[in-house]
Amino acid sequence: MSLVVRAARAWQRPRVFALLTVAGLVLGALLGLTARVTGSAGLATTLDTVGGLFTGLLQFTVAPLVFLAIVVGIVSLRDLGGGRTAARLGGRTVAWFAGTSLVAVLIGITIGLIGRPGEGVTIAADPADVEAVGARTAGSWEALLSNLVPDNPVAAFADDNVLQVVVAALLVGAAAYALGEKAEPFVAFSRSAFEIVLTVIRWIVVLAPIGVLGLIGNAFATYGSGVVSSLAGLIVTVYLGCAIVLFGVYPLLLKVVAGIGPRRFFGTTWPVLQFAFVSRSSGAALPMSRQAAIDLGVDRNYAGFAVPLATTTKMDGCAAVYPALATIFIAHISGVQLAAWQYLVIVAVAVFGALATAGTTGWFTMLTLTLAAVGMPPAVIAAGIAVVIGIDPILDMMRTATNVAGQITVPTLVAAQEGILGRDAADAADAAEPADATEATEATASVEGATADRVSATSA
């Protein structure tokens, strides 16, 4: 075996890969600060290029991955018991989406009322940033509804409009489900294309330590430490709120509803949570999230439907905790006193507006939607977002990790309630039924080998 092959295999081992990712995080921060302190434009440009290439590779796969995963997932629901079962699973999934979002936004508001981020802080937004924010499309209910259905399905993919891709996938998947055998050639093609996209993503994920180095380095080279210290209140409260949801709410629900303890949950999901933290992309983490849900015992067919859907609509970090805290922060630095009804509006937007966060820039849509809903003047909205946008990469890491944890948790909860949690493993055990000790030993070795391969692939 050549040295290159051995190095490549060692790179992809879970512990080695985790250490390399952390090393990339630390080295990137040091290089970024060096570029800022020394004024090295060449180093800053290099870091920006490395991070941009990695992000571009991830973004390249998001739209086709989401489309194919949802189509294949919907068709796979046929194996779970027919149309009524599929409808019940879908309804229960959406109900859990809304319920956990409600809990998350209430936690965000509570922390905001206690910690009062932004109170007593005076920050002047850069006029150029205000102008740039004003040029972006703000979130609104009218824009959300009018943007649901693509005028041109090809344009939805070309523009990377994930929400329109989701709608198209739901329609196509439902049609393929209804046609049954007539749609088998298309379903077979979709399954094959889905596996191809998953393989491409596994290759891209291997580059995560290098991509993280560029992304973090560019953030430190661009923003430095001054902006971080002035906005420390928002950073601390967002991380605290997300941590309570991630390490408190989800493990508690899993233990009570599904009987899955925190050690098992985090032992299974830690690689994908770590990748979500550094990549800041739920879509890029989708293959690992789907596999983590399956490893927790979620039926493979249901996981193929629920996890991709959750990836685009279940974002407790971006759509619940962050908008609540950012709205309170912007109100404080702007001298605006929020009334009780405005806090209720924040809750309502978080629960019913999750679809507006679809895509990698969903936080902007959700925050502007929330600020507009509570009655903030357009000038205050633009100035407030121009202030917080500088630390968005720092906030987005924790938001995305929280998003992904929820995207794995909800399908697990629904699978437990529906009695399909761990069914794949039980079916495999029943099918094996080794007749003697020799067959039993061989079956056990086979399962252990497959598990090891799966862990290695998931960690990559």
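Residues numbered from 1 in each chain as written. Predicted model: local features only at pLDDT ≥ 70, side-chain atom pairs only at ≥ 80, totals over all residues. Heavy atoms only, no water.

### Focus: the overall build of the protein
A tally of regular secondary structure across the protein gives 22 helices and zero strands. Within the protein, the fraction of its 460 residues that count as buried is 50%. Counting only contacts in the protein whose residues sit at least 6 apart along the sequence, the fraction spanning at least 24 positions is 84%. For the protein, the computed accessible surface area is about 20000 Å², with 66% contributed by carbon and sulfur atoms. (Helix = DSSP H or I, 4+ residues; strand = E, 2+ residues; numbered from the N terminus. Buried < 20%, exposed > 50% of the residue type's maximum accessible area, 1.4 Å probe, protein only. Contact = heavy atoms within 4.5 Å. Areas by Shrake-Rupley, 256 points an atom, 1.4 Å probe, with all protein chains shown as cover.)

### Quick word on the packing of helix H3 (residues 41–76) against helix H9 (residues 184–205)
Where H3 contacts H9, the axes come no closer than 9 Å and their chain directions differ by 150 degrees. Compared by their axis directions, H3 and H9 come out roughly antiparallel. Crossing handedness for the pair H3 and H9: left-handed. Here Phe54, Leu57, Leu58, Thr61, Leu65, Leu68, Ala69, Val71, Val72, Val75 and Ser76 of H3 lie close against H9, whose contacting residues are Phe186, Val187, Ser190, Arg191, Ala193, Phe194, Val197, Leu198, Val200, Ile201 and Ile204. Its residues placed into classes, the contact of H3 with H9 shows 18 nonpolar, three polar and one charged. (Axes fitted to C-alpha atoms, helices over the stretch in contact; angles between N-to-C directions. Parallel < 35°, antiparallel > 145°, perpendicular 65-115°, else oblique. Left-handed = near helix turned anticlockwise from the far one by under 90°. Nonpolar A, V, L, I, M, F, W, Y, C, P; charged D, E, K, R; others polar.)

### Side note on a nonpolar patch on the surface
Judged by side-chain polarity, Val22, Val26 and Leu30 come together as a nonpolar surface patch covering roughly 250 Å² of accessible area. Tracing the backbone shows Leu30 in helix H2 (residues 14–38). (Patch = residues over 30% accessible without salt bridge, like charges linked within 9 Å, V, L, I, M, F, W, Y side chains within 5 Å. Salt bridge = Lys/Arg side-chain N within 4 Å of Asp/Glu carboxyl O.)

### With respect to helix H17 (residues 340–352)
Taking 1.5 Å of rise per residue, the 13 residues of H17 would be expected to cover 18 Å, and the 19 Å separating its terminal C-alpha atoms lies within 8% of that figure. For H17, every residue scored as buried is listed here: Gln342, Tyr343, Ile346, Val347, Val349, Ala350 and Val351. (Expected span 1.5 Å × (residues − 1).)

### A short note on the nonpolar core
Judged by nonpolar contacts, the single largest core of 112 residues is most densely connected at Phe275 and Tyr302. Broken down by element, the residue count for this core peaks at 13 residues, all from H3. If we ignore the near neighbours within four places in the chain, the residues touching Phe275 are Phe54, Leu58, Val205, Ala208, Arg280, Ala284, Ala285 and Met288. Counting six residues, the second largest nonpolar core, distinct from the first, contains Ala319, Val349, Met366 and Leu369. (Core = buried A, V, L, I, M, F, W, Y, C linked by side-chain atoms within 4.5 Å.)

### Focus on the state of the cysteines
Applying the stated criterion across every chain yields a total of zero disulfides. This cysteine, Cys242, is not joined by any disulfide, and Cys318 carries the nearest cysteine sulfur, 8.1 Å off. Taking the relative accessible area as the measure of exposure, Cys242 reaches 0% and is therefore buried. (Disulfide = S-S within 2.5 Å.)

### Examining the packing of aromatic side chains
For any pair of aromatic rings, geometry is given as the distance between the ring centres together with the angle between the planes. Under the definition given, this model contains three aromatic pairs. Centroid distance Phe265 to Phe266: 5.0 Å. Interplanar angle 70 degrees. Geometry classified as edge-to-face. For the residue pair Phe265 and Phe266, the accessibility class agrees, reading buried in each case. Relative to Trp270, the ring of Phe266 lies with its centre 6.5 Å away and its plane at 75 degrees, an arrangement referred to as edge-to-face. With a gap of four residues between them, Phe266 and Trp270 both fall in helix H13 (residues 262–279), about one helical turn apart. Residue Trp270 is classed as partly exposed on the basis of its relative accessible area of 44%. Ring pairing ties together the aromatic residues Phe247, Phe265, Phe266 and Trp270, which thus form one cluster. Sitting over the face of the ring of Tyr322, Arg399 holds its NZ or CZ atom 4.4 Å from the ring centroid. (Phe/Tyr/Trp six-rings, centres within 6.5 Å; stacked < 30°, edge-to-face > 60°. Lys NZ or Arg CZ within 6 Å of the ring centre and 35° of its normal.)

### Digging into the packing of H13 against helix H14 (residues 286–295)
For the pair H13 and H14, the least separation of the axes is 9 Å and the interaxial angle reads 175 degrees. The orientation of H13 relative to H14 falls into the category roughly antiparallel. On H14, the residues touching Arg264, Thr268, Thr269, Pro271, Val272 and Phe275 of H13 are Met288, Ser289, Ala292 and Asp295. Of the residues in the contact of H13 with H14, the class split is five nonpolar, three polar and two charged.

### Observations concerning the side chain of Thr412
Mapped onto the elements, Thr412 comes out in helix H20 (residues 392–418). On the basis of relative accessibility, which here comes to 0%, the residue Thr412 falls in the buried class. A polar contact is formed between the side chain of Thr412 and the backbone oxygen of Ile408, at a distance of 2.8 Å. Among residues more than four places away in sequence, those in contact with Thr412 are Leu254, Ala258, Ile260, Leu296, Val298 and Leu421. (Polar contact = N/O pair within 3.5 Å; in protein donor to acceptor, adjacent residues only side chain to side chain.)

### Some words on the environment of Ala175
With respect to the secondary-structure elements, Ala175 resides in helix H8 (residues 162–179). Residue Ala175 is classed as partly exposed on the basis of its relative accessible area, which comes to 38%. Along the primary structure Ala175 and Val75 are separated by 100 residues, whereas in three dimensions their C-alpha atoms are 9.2 Å apart.

### With respect to the confidence of the model for the protein
With 76% of its residues at a pLDDT of 70 or more, the protein shows a mean pLDDT of 78. Every residue in residues 356–361 scores below 50 in pLDDT, and together they form 18 contacts with partners more than four places removed in sequence or on other chains. Between residues 428–460, whose pLDDT stays under 50, and residues either more than four places distant or in other chains, the model counts 17 contacts. (pLDDT = per-residue confidence, 0-100.)

### A short note on the pattern of salt bridges
Inspection of every chain in the model, using the stated rule, returns four salt bridges. With a closest N to O distance of 2.9 Å, Arg88 and Glu418 form a salt bridge. Highlighted residues: Arg88 in helix H4 (residues 83–115) and Glu418 in helix H20, separated in sequence by 330 residues. Counted as one network, the salt bridges with shared partners bring together Arg88, Arg92 and Glu418.

### Some remarks on unusual backbone geometry
The phi angle at Arg116 is positive, at roughly 50 degrees, despite the residue not being glycine. Along the chain, Arg116 turns up in the loop between H4 and helix H5 (127–135). Taking relative accessible area as the criterion, Arg116 reaches 30% and is therefore assigned partly exposed.

### Considerations on the environment of Thr110
If you trace the backbone, Thr110 turns up in helix H4. When its relative accessible area of 41% is taken as the criterion, Thr110 is described as partly exposed. Remark: the alpha-carbon pair of Thr110 and Gly241, spanning 131 residues in sequence, is separated by 9.0 Å.

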